[in-house]
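Structural features, examined
These are the residues of each chain, in order.
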Amino acid sequence: MGDVESVDWAPTVSLGYHTTSKPRSEASLRREQRMELKEDQQRQSECAEALLDLLQTTESPEPTQPPSDSPQPEDTSGILNDQQDAGCQTDLTMEDIERMEDVLRQNTTELGDLRTKALDTQFNQESFENNEEKPKFYTGLPNFLVLLQVFQLCEPYITCGPMSVLSKFEQFILVLLRLRLNLPLKDLAFRFNISLSTASRIWH
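Notes on the structure follow. Treat the numbers as computed from the prediction; the structure is a model and nothing was measured.

1. Here we look at the overall build of the protein
Along its length, the protein carries 9 helices and 0 strands. Start at the N end of the protein and walk to the C end: the helices and strands fall as α-α-α-α-α-α-α-α-α. Buried residues in the protein amount to 16% of all 204 residues. Considering only contacts in the protein between residues 6 or more positions apart, those separated by 24 or more positions represent 35%. Entry remark: accessible area of the protein is about 17,600 Å², with carbon and sulfur atoms responsible for 55%.

2. Describing the pattern of salt bridges
With the rule as written, the count across this model stands at 2 salt bridges. Arg105 serves as the salt-bridge partner of Asp102, at 2.2 Å between the closest nitrogen and oxygen. Of this pair, Asp102 and Arg105 both sit in helix α3 (residues 94-120), 3 residues apart, which is roughly one turn of the helix. The class of Asp102 is partly exposed, set by a relative accessible area of 40%. Accessibility expressed as a relative area gives 48% for Arg105, which makes it partly exposed.

3. Some remarks on helix α7 (residues 168-181)
In an α-helix, one full turn covers 3.6 residues, which means residues spaced three or four apart are oriented alike. With 14 residues, α7 extends 20 Å from end C-alpha to end C-alpha; this agrees with the ideal 20 Å at 1.5 Å per step. Turning to α7, the residues buried within the fold contact α4 (125-129), α5 (133-139), α6 (144-154), α8 (185-191) and α9 (196-203). Phi turns positive, to about 55°, at Asn182, one or two residues after α7.

4. Some remarks on the nonpolar core
If you look at the biggest cluster of nonpolar residues, it comprises 23 residues, and the most contacted ones within it are Phe128, Leu147, Ile173, Leu177, Phe192 and Ile194. At 6 residues, α7 tops the list of elements feeding residues into this core. Each residue touching Phe128, except ones within four places of it in the same chain, is listed here: Phe123, Lys134, Pro135, Tyr138, Thr139, Phe144, Leu147, Phe169 and Ile173.

5. A closer look at the packing of aromatic side chains
By convention here, two paired aromatic rings are described through the distance between centres and the angle between planes. Counted under the stated rule, the structure contains 8 aromatic pairs. Considering the side-chain rings of Phe137 and Tyr138, the 4.9 Å spacing of their centres and the 85° angle between planes classify their relative orientation as edge-to-face. On the accessibility criterion, Phe137 (49% relative accessible area) is partly exposed. Relative accessible area serves as the criterion here: at 17%, Tyr138 is assigned to the buried category. Sitting over the ring of Phe123, Lys134 keeps its end group 5.2 Å from the ring centre.

Cut-offs and rules
- Residues numbered from 1 in each chain as written.
- Predicted model: local features only at pLDDT ≥ 70, side-chain atom pairs only at ≥ 80, totals over all residues.
- Heavy atoms only, no water.
- Helix = DSSP H or I, 4+ residues; strand = E, 2+ residues; numbered from the N terminus.
- Buried < 20%, exposed > 50% of the residue type's maximum accessible area, 1.4 Å probe, protein only.
- Contact = heavy atoms within 4.5 Å.
- Areas by Shrake-Rupley, 256 points an atom, 1.4 Å probe, with all protein chains shown as cover.
- Salt bridge = Lys/Arg side-chain N within 4 Å of Asp/Glu carboxyl O.
- Expected span 1.5 Å × (residues − 1).
- Core = buried A, V, L, I, M, F, W, Y, C linked by side-chain atoms within 4.5 Å.
- Phe/Tyr/Trp six-rings, centres within 6.5 Å; stacked < 30°, edge-to-face > 60°.
- Lys NZ or Arg CZ within 6 Å of the ring centre and 35° of its normal.

If you want it as structure tokens, here you go:
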């Protein structure tokens, strides 16, 4: 069996798979070392982070207080309130306010008088309704109610379009003034603040 040169010799050792491994190259060894070093560094960093977290949870920071000799901030709320109160104050006295109220009442009265005078100079329905003597003087009718009834009878025959300057009642009064006082058309044009041609057209 041990004679290798014999014709009956057959290998009986290392039959099947080879158990011996091939020698590794230097590059593969260096690669393996780098991988091991990297894993060690990662484990060390994880341990360090765990320790830091543990220290932060166990230690409670004490609140820092300013030293007693440090200057304290001044309370300015009173100053601000005084400034706000001063800003709300005015120089008006009660006499000034009463004087202003008197002037306001006087202006209101004068405005009402001017409105009444302006209404008296007009020839609309409101001016005849508020003045008892006006219907009788300008139209010859006894009062405003009679004047209104006559106007209601004549109203369907009075033309008044969207471009008309005078209302139907004012046109009716213009004709009555012409008949009652025989006023010239120029005078009627001045009284109703219209042109002479408009007064002539209403009359005819």
